[in-house]
Amino acid sequence: MTLINQTTNLRDAQGEFGAARAAEKAACAKQNAQARHTVAGHALDAADCDYLLQMLGLDAASLGPDGLAKD
């Protein structure tokens, strides 16, 4: 294998890895938004919602007044 082919293969692998990381980040954000929405819908009050979100490692600051994610 020549140096040019090795460099091209490395760039292709880095591009695929970056795309996979971006897809995972988007999927994680969607899952977190769904979790926030579900928790907000089942919480007894704002304090309960905040407590439950903390248990999941999520923050209530990213929720709008309607319980939906701001982002």
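Criteria and thresholds
- Residues numbered from 1 in each chain as written.
- Predicted model: local features only at pLDDT ≥ 70, side-chain atom pairs only at ≥ 80, totals over all residues.
- Heavy atoms only, no water.
- Helix = DSSP H or I, 4+ residues; strand = E, 2+ residues; numbered from the N terminus.
- Contact = heavy atoms within 4.5 Å.
- Areas by Shrake-Rupley, 256 points an atom, 1.4 Å probe, with all protein chains shown as cover.
- Core = buried A, V, L, I, M, F, W, Y, C linked by side-chain atoms within 4.5 Å.
- Buried < 20%, exposed > 50% of the residue type's maximum accessible area, 1.4 Å probe, protein only.
- Polar contact = N/O pair within 3.5 Å; in protein donor to acceptor, adjacent residues only side chain to side chain.

A. View of the overall build of the chain. Within the chain one finds 2 helices and 0 strands. In the chain, 24% of the contacts between residues at least 6 apart in sequence involve partners at least 24 apart. Counting every atom, the chain has about 5,500 Å² of accessible surface; 59% of that belongs to carbon and sulfur.

B. Seen up close, the nonpolar core. V39, A43, C49, L53 and L58 together form the largest nonpolar core, which totals 5 residues. In contact with L58, other than residues within four places in its own chain, are N32, A35, R36 and L53.

C. The arrangement of the environment of T38 in detail. With respect to the helices and strands, the residue T38 is situated in helix 1 (residues 3–42). Judged by its relative accessible area of 44%, T38 is partly exposed. Separated by 11 residues in sequence, T38 and C49 place their C-alpha atoms 9.9 Å apart.

D. Structural detail: helix 2 (residues 46–55). In this structure D45 caps helix 2, since a side-chain oxygen of it lies 3.2 Å from the backbone nitrogen of A47. G57, located one to two residues past helix 2, shows a positive phi value of around 80°.

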